Amino acid sequence: MKLAYLTARRKLEIGEAEEPRLSQGDDVLLRIDRVGVCGSDVHYYTQGRIGDDIVRYPATVGHECSGSVVEVGPAVERLRPADRVAVDPAMVCGDCDQCRAGRPNTCRNLQFMGCPGQAPGAVAEYRVLPAENCFAIPRTMSLDEAVLVEPLSVGLYATRLARLAVAARIAVLGSGPIGLAVLLCAKAAGRCTIYQTDLIEERLEVARACGADWTGNPTRDDIPAAIGRREPRGLDVVFECSGDPACIDQAQALLAPGGRLVLVGIPATLQISFDVHTMRRKELTLLNVRRQRGCLRPAIDLVSQGRIDPSPLLTHRFPLERIAEAFELVAGYGDGVIKAVIELSATA
Ligand SMILES: [Zn+2]
Ligand SMILES: [Zn+2]
């Protein structure tokens, strides 16, 4: 089978490997149909690391994927060949203190697809995964929608963690795939007023198409002042989805006392600083999001029930042979890209 390898920083190559085979009774052999290029994949691609997760070459890449079941192990009951699935790329042990406490997203023995030293990356024609990581999608749902389920689930988890009240007034700083996922999920959760920002105009257009009530660009607008005129008492929740530390300062200015700041974006540096006194005086709550837990199936349901339409997020498609172009496009924020998807099969 064909697959992609990262062989150095900013170098992706297509290689050949033996097709994987089922070994455990509860495993599933999947043909991978689509893989989304995630901001985290691009961090590994351009910097060779995220924090102290460091890439060893050659490395396989990717974790956002949808696929079709080829074969199931004898213990698998919920899936059968030809089922189409959305994939949860996090393989957990089920046994550590975190898993037992209902926190599988911080499992001590986590194996995440495409993470250095963990599970193989998704950009390959076939992969073997535990059945519990494969979520069958209804016939009405496409593999394109299914590949967006994992980033959507991160947005959904962030909104759940924030305990959004109905009619909450919120801001989402950063309108990449995750910021837009937060927007879509917050809209679906109930009549929120949403202020959305980004440095890129095309992204703000998509944000408006996804239901943002107001959009602003910090290169043009003074974000805290512009939103503050509309919301003089401050916002209930701000989602930081850009990874830019400047947004943490904006968030603190925007929030009402007692507000919640949800950190979703991945900063490029190991350390950041912020104004601790505003944090203290306003008694803000800082919430950290580690990917998601338990939100894959609910995200599938939101899409299949028509309550969320994630299709505006998928802006670019590439065949496997052009994966390097896809990564360069996402790394350079070129051509209004939001989510670039690698098409490994022609199946819809
Ligand atoms: Zn991702
Ligand atoms: Zn565990």
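Right above here is the structure, for reference.
Basis of the calculations
- Residues numbered from 1 in each chain as written.
- Chains lettered and ligands numbered in written order.
- Predicted model: local features only at pLDDT ≥ 70, side-chain atom pairs only at ≥ 80, totals over all residues.
- Heavy atoms only, no water.
- Donors = N, O, S within 2.8 Å, 3.2 Å for Na, K, Ca; no water.
- Helix = DSSP H or I, 4+ residues; strand = E, 2+ residues; numbered from the N terminus.
- Buried < 20%, exposed > 50% of the residue type's maximum accessible area, 1.4 Å probe, protein only.
- Pairing = 2+ DSSP bridges.
- Salt bridge = Lys/Arg side-chain N within 4 Å of Asp/Glu carboxyl O.
- Phe/Tyr/Trp six-rings, centres within 6.5 Å; stacked < 30°, edge-to-face > 60°.
- Lys NZ or Arg CZ within 6 Å of the ring centre and 35° of its normal.
- Contact = heavy atoms within 4.5 Å.
- 1 Å grid on protein atoms, 1.4 Å probe; cavity = no way out; pocket = protein on both sides within 12 Å on 5 of 7 lines; lining within 4 Å.
- Points joined across faces, edges and corners; volume = space filled by probe spheres on them.
- Nonpolar A, V, L, I, M, F, W, Y, C, P; charged D, E, K, R; others polar.
- Axes fitted to C-alpha atoms, helices over the stretch in contact; angles between N-to-C directions.

1. Section: the coordination of the zinc ion (ligand 1)
Protein-derived coordination of the zinc ion (ligand 1) comes from Cys 38 (SG), His 63 (NE2) and Glu 64 (OE), at a distance range of 2.1 to 2.5 Å. Written as a sequence motif, the donor arrangement for the zinc ion (ligand 1) is C-x24-H-E. On the criterion of sequence distance, the pair formed by Cys 38 in the loop between β3 (27-36) and α1 (39-47) and His 63 in the loop between β6 (59-60) and β7 (64-72) is long-range, its members being 25 residues apart. Each member of the pair Cys 38 and His 63 is classed as buried.

2. Let's talk about the sheet that holds strand β1 (residues 2-8)
Spatially, 3 strands are ordered β2-β1-β6 in an open sheet, and the strand pairing comes out antiparallel. Single-partner strands in this sheet number two, and they are β2 (11-16) and β6. Sheet topology note: the β1/β2 ladder contains 6 bridges and is antiparallel. Across the sheet, Tyr 5 pairs through a bridge with Glu 13, a residue of β2.

3. Description of the pattern of salt bridges
A side chain of one charge can pair with a side chain of the opposite charge if their charged atoms are brought near each other. By the definition in use, this model includes 17 salt bridges. Across the salt bridge formed by Arg 34 and Glu 343, the nearest N and O atoms sit 4.0 Å from each other. Note that Arg 34 is positioned in strand β3 and Glu 343 in strand β20 (residues 339-343), a separation of 309 residues in sequence. For Arg 34, a relative accessible area of 3% puts it in the buried group. Note that Arg 220 and Glu 201 form a salt bridge whose closest N and O atoms lie 2.8 Å from each other. Residue Arg 220 is located in the loop between β15 (214-216) and α7 (223-230), and its partner Glu 201 is located in helix α6 (residues 201-209); the two are separated by 19 residues in the primary sequence. For Glu 201, a relative accessible area of 33% gives the class partly exposed. Taken together, the shared-partner salt bridges in this structure form one network comprising Arg 34, Asp 144, Arg 317 and Glu 343.

4. Concerning the packing of aromatic side chains
Overall, the coordinates contain 2 aromatic pairs when judged by the stated rule. Arranged with centres 5.2 Å apart and planes meeting at 65 degrees, the rings of Tyr 45 and Phe 327 form a pair that is edge-to-face. Of this pair, Tyr 45 sits in helix α1 while Phe 327 sits in helix α11 (residues 323-331); the two residues are 282 residues apart in sequence, bridging distant segments of the chain. The ring of Phe 112 carries the charged tip of Arg 291 above its face, separated from the ring centre by 3.6 Å.

5. Let's talk about helix α10 (residues 296-304)
Within the span of α10, buried status applies to Leu 296, Pro 298, Ala 299, Ile 300, Leu 302 and Val 303. Among the structural elements, β8 (84-87), β12 (134-136), α3 (143-147), α4 (149-161) and α5 (177-189) are those in contact with the buried residues of α10. Residue Gly 306 follows α10 closely and has a positive phi angle near 75 degrees.

6. What to know about the layout of surface pockets
For the second largest pocket, the calculated volume is near 300 Å³. Of the residues belonging to the lining of the second largest pocket, the class tally is 8 nonpolar, 4 polar and 6 charged.

7. Here's the deal with the pairing of β20
Taken residue by residue, a regular strand's side chains alternate between the two faces of the sheet. With 4 of its 5 residues buried, β20 lies for the most part within the structure. Alignment of β3 against β20, held across 3 bridges, turns out to be antiparallel. Note on β20: the bridge partner recorded for Arg 34 is Glu 343. The pairing of strand β19 (residues 314-319) with β20 spans 5 bridges and is parallel. Each bridged residue has a counterpart across the sheet, and for His 316 the counterpart in β20 is Ala 340.

8. Some points on the sheet that holds strand β17 (residues 255-263)
Taken together, the 6 strands give an open sheet; going across it, the order is β15-β14-β13-β16-β17-β18, and neighbouring strands pair in parallel fashion. One side of each edge strand has no neighbouring strand; the edge strands of this open sheet are β15 and β18 (285-288). Ignoring which end each strand starts from, the neighbouring axes of this sheet average 20 degrees apart. Packed onto the sheet, helix α8 (residues 246-254) meets β13 (169-173), β16 (235-240) and β17 and runs at close to 150 degrees relative to β17.

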